[in-house]
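Observations on the model geometry
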Amino acid sequence: MDGLRAVAIVLVFFSHAHVPMFDGAFFGVDIFFVLSGFLITSLLLIEHGQSGRIDCWRFYRRRFFRLMPALLLFLAVYWLVAPRIWPEDDSTTQDVLVSMLYLADYGIAFFDSPDALLHMWSLSVEEHFYLVWPLLLGLLLRKLPAARVWGTVALLYVLGFVWRLYWVQSGQLFYEVFFRFDTRATGMLLGSLLATVAVQRPQWFAALVARQRYLLWLVLAFPFAVAGFAWDGNGALLWGIALTELAAAAVIIAIHQRQGVVFDMLSIPALVWLGRISYGVYLWHYPVVRVLRSEFSWPLVVALGLPLSMGLAALSFYTVERWALRWRDGQRLPAGRAAPAKVKAPAKPPKLAQAANAA
């Protein structure tokens, strides 16, 4: 999973760096959405399988410690540095506040705010999903037989696609559709669907896994399929996003088996490490790219910007984020000391538990 995160963040970076032939790389964020849906729903299903319930407060607390400290560090540095780099921009404080409150998706769609922190929209989309989904999934698990939960999630995914189609067909502007949680929830719902079928394993899913080598052709065809979709075109909103989500789902199905060439490729240590710090890379890369783009051509933007973004992300990961994770897990120890591992039997299937630990 971390290897797939690494692929996604590189695609997003190339898109923002304006690398030729990567015009469609902005779809990389949809890979993140599918992964988030899969991993978060896996965690919730494991918890439900172990305790018979979903502790929403515990979930929100864990998400807070995983995401907010790194975000606050980034926003604090941006608030201090941005006025010196872009003195003509008088919206820095407003951009920081909107981003901190996770309102960037609807802020960008309807109010052009935050303007300079455009990449904050996807974090807002995911945060809205985190707020709603544990409650909704808990309700589904209480009210429906286990065998019917995946069908309801599949219906939600289809309805999400129809909802986006409705706004596109009604003539709403590209930006008003592209950045909003309610029109971009399909990726996380598809990932959630994968998690539910991985647990309940309906007969059709077992047949799908057995034929996964055919699904991977979708991944090979993906670059050619999305290349023709322009950034601001309706095709990107409908078919570009949908194809990316399905390609990401095909890869997750393949690596979920923990064997095979795709699993081996995405298990390369350098990719795994980049995937682990990908959240920080996403936070820091956009201002870095903005600065470099104004002075250099794309080769230098990539050559300078990617290592710099990775360095800032690593600094955040090994300091603030590790401290926050120790608090999240109840291990309030000095840096450098490891807490004794708390061994807990994972819910079945074990592969799902191993995948969920990546979150």
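Bear in mind the structure is a predicted one, so any value in this text is a computation, not a measurement. (Residues numbered from 1 in each chain as written. Predicted model: local features only at pLDDT ≥ 70, side-chain atom pairs only at ≥ 80, totals over all residues. Heavy atoms only, no water.)

Brief notes about the overall build of the protein chain
- Broken down by element type, the protein chain carries 18 helices and zero strands.
- Radius of gyration (C-alpha) of the protein chain: 20 Å, near the 21 Å computed for a compact globule of 359 residues.
- Principal-axis analysis of the C-alpha atoms gives the protein chain an extent of 60 × 55 × 40 Å.
- Considering the protein chain as a whole, with its 359 residues, one finds that 53% of them fall into the buried category.
- The contacts in the protein chain between residues at least 6 apart in sequence include a share of 74% that link residues at least 24 apart.
- Just so you have it, the protein chain exposes about 17300 Å², and 67% of that area is on carbon and sulfur atoms.
- Considering the protein chain, the positive charge centre built from 30 side chains and the negative charge centre built from 22 side chains are found 17 Å apart. (Helix = DSSP H or I, 4+ residues; strand = E, 2+ residues; numbered from the N terminus. Rg over C-alpha atoms; globule rule 2.2 N^0.38 Å. Buried < 20%, exposed > 50% of the residue type's maximum accessible area, 1.4 Å probe, protein only. Contact = heavy atoms within 4.5 Å. Areas by Shrake-Rupley, 256 points an atom, 1.4 Å probe, with all protein chains shown as cover. Lys, Arg positive; Asp, Glu negative; His and termini not counted. Charge placed at Lys NZ, Arg CZ, Asp CG, Glu CD.)

Notes on the packing of helix α7 (residues 146-169) against helix α13 (residues 234-256)
- Following both chains from N to C, one finds α7 and α13 inclined at 165°, their axes separated by 9 Å at the closest point. Regarding the angle of α7 to α13, the classification is roughly antiparallel. Every pair of crossing elements has a handedness; the one defined by α7 and α13 is right-handed. Residues Y157, F161, R164, L165, V168 and Q169 of α7 pack against N234, L237, L238, W239, I241, A242 and E245 of α13.
- In terms of residue class, the contact of α7 with α13 is made up of nine nonpolar, two polar and two charged. (Axes fitted to C-alpha atoms, helices over the stretch in contact; angles between N-to-C directions. Parallel < 35°, antiparallel > 145°, perpendicular 65-115°, else oblique. Left-handed = near helix turned anticlockwise from the far one by under 90°. Nonpolar A, V, L, I, M, F, W, Y, C, P; charged D, E, K, R; others polar.)

Structural notes on helix α4 (residues 92-100)
- Buried within α4 are the following residues: T92, D95, V96, V98 and S99. Angularly, the buried residues of α4 cover 165° about the axis, an arc narrow enough to put them on a single face.
- Of the surrounding elements, those touching the buried residues of α4 are α3 (56-85), α5 (104-111) and α6 (120-143).
- Just past α4, the residue Y102 takes up positive phi, approximately 55°. (Arc of directions from axis to C-beta.)

Topic: α13
- Spanning 23 residues, α13 covers 32 Å between terminal C-alpha atoms, matching the ideal 33 Å at 1.5 Å per step.
- The sharpest bend along α13 comes to roughly 30°, located at G240.
- Counting buried positions along α13 gives 18 out of 23 residues, so the element sits mostly inside the fold.
- In the segment just after α13, R258 is the residue with positive phi, at about 60°. (Expected span 1.5 Å × (residues − 1). Bend = angle between axes of the 7 residues up to and from the residue.)

A closer look at the environment of P83
- With respect to the helices and strands, P83 occurs in helix α3.
- Its relative accessible area of 35% is what places P83 among the partly exposed residues.
- Considered as a pair, P83 and V149 are 66 residues apart in the sequence and their alpha carbons are 50 Å apart.
- If near-sequence neighbours (up to four positions away) are discounted, P83 is found in contact with Y78 and T92.

Side note on the nonpolar core
- Counting 99 residues, the largest nonpolar core has L71, W121 and L283 as the members making the most contacts within it.
- For this core, the leading source of residues is α13, giving 12 residues.
- Once you skip the residues sitting within four places of it in the chain, L283 turns out to touch A70, L71, F74, H119, M120 and L123.
- Counting residues in each nonpolar core, the second largest holds 10 residues, with V289, L292, V301 and L306 among its members. (Core = buried A, V, L, I, M, F, W, Y, C linked by side-chain atoms within 4.5 Å.)

Describing the side chain of E321
- Secondary-structure assignment places E321 in helix α17 (residues 298-328).
- Within the local environment of E321, its side chain forms a polar contact with the side chain of S316, the two groups lying 2.8 Å apart.
- Within the structure, E321 has its side chain in polar contact with the backbone nitrogen of F317 (distance 3.5 Å).
- Contacts of E321, omitting those with residues within four sequence positions, involve R66, A70, Y279, A313 and S316. (Polar contact = N/O pair within 3.5 Å; in protein donor to acceptor, adjacent residues only side chain to side chain.)

Observations regarding unusual backbone geometry
- Of the consecutive residues S113 and P114, the connecting peptide bond is found in the cis state with omega at 5°.
- By secondary structure assignment, the location of P114 is in the loop between α5 and α6.
- Phi is positive for H18, close to 60°, though the residue is something other than glycine.
- Of note, M21 is a non-glycine position whose phi angle comes to about 70°, a positive value.
- Residue M21 is classed as exposed on the basis of its relative accessible area of 83%.

A look at the packing of aromatic side chains
- The full count for this structure, using the stated rule, is 30 aromatic pairs.
- With a centroid separation of 4.9 Å and an interplanar angle of 75°, the aromatic rings of F14 and F22 are classed as edge-to-face.
- The exposure class assigned to F14 is buried, which follows from its relative accessible area of 17%.
- Where F74 meets W284, the ring centres are 5.2 Å apart and the plane angle is 85°; that geometry is what we call edge-to-face. Residue F74 is located in helix α3, and its partner W284 is located in helix α16 (residues 278-293); the two are separated by 210 residues in the primary sequence. Residues F74 and W284 agree in their burial class; the two are buried.
- R180 extends its terminal NZ or CZ atom over the ring of W167, reaching a point 5.1 Å from the ring centre. (Phe/Tyr/Trp six-rings, centres within 6.5 Å; stacked < 30°, edge-to-face > 60°. Lys NZ or Arg CZ within 6 Å of the ring centre and 35° of its normal.)

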